[in-house]
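# Architecture and fold: a report
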Amino acid sequence: MSNIMLNELDVELETRGLRFVRYADDCNIYVKSLKAAHRVMASTTKFIEGYKWYHEDTQ
């Protein structure tokens, strides 16, 4: 399930033109400055927290 969301994160990072490497559920994003790192961390966190998880109710 997480791989589906991480594939969408890959597309988002590629769209932004960021350089990154992902191994399974680990992701390294490469930026040139600390300021850029903070900005990318905030926007990536927002993307992940805003992801909509859909599941069937099993009741």
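Residues numbered from 1 in each chain as written. Predicted model: local features only at pLDDT ≥ 70, side-chain atom pairs only at ≥ 80, totals over all residues. Heavy atoms only, no water.

### Structural notes on the pairing of strand 2 (residues 26-30)
The pairing of strand 1 (residues 19-23) with strand 2 spans 5 bridges and is antiparallel. Opposite Val21, over in strand 2, you have Asn28 as the bridge partner. (Pairing = 2+ DSSP bridges. Helix = DSSP H or I, 4+ residues; strand = E, 2+ residues; numbered from the N terminus.)

### Comments concerning the pattern of salt bridges
Scanning all chains against the criterion turns up 2 salt bridges. Among the ionic pairs, Glu12 bridges to Arg16, the shortest N-O distance being 3.0 Å. A relative accessible area of 26% places Glu12 in the partly exposed class. (Salt bridge = Lys/Arg side-chain N within 4 Å of Asp/Glu carboxyl O. Buried < 20%, exposed > 50% of the residue type's maximum accessible area, 1.4 Å probe, protein only.)

### A few points about the side chain of Asp10
For Asp10, the location among the structural elements is in helix 1 (residues 2-15). Sequence-distant contacts of Asp10, that is, excluding residues within four places in its chain, are made with Phe20 and Arg22. (Contact = heavy atoms within 4.5 Å.)

### Some remarks on helix 2 (residues 34-49)
Taking 1.5 Å per residue, 16 residues should reach 22 Å; helix 2 reaches 22 Å between its end C-alpha atoms and fits that length. Considered for burial, the residues of helix 2 that qualify are Ala36, Val40 and Thr44. Seen from one end, helix 2 has its buried residues packed into an arc of 55°, which puts them on one side. Summarising the geometry of helix 2, the exposed residues directed more than 90 degrees from the buried face are Leu34, Lys35, His38, Arg39, Met41, Ala42, Lys46 and Glu49. (Expected span 1.5 Å × (residues − 1). Arc of directions from axis to C-beta.)

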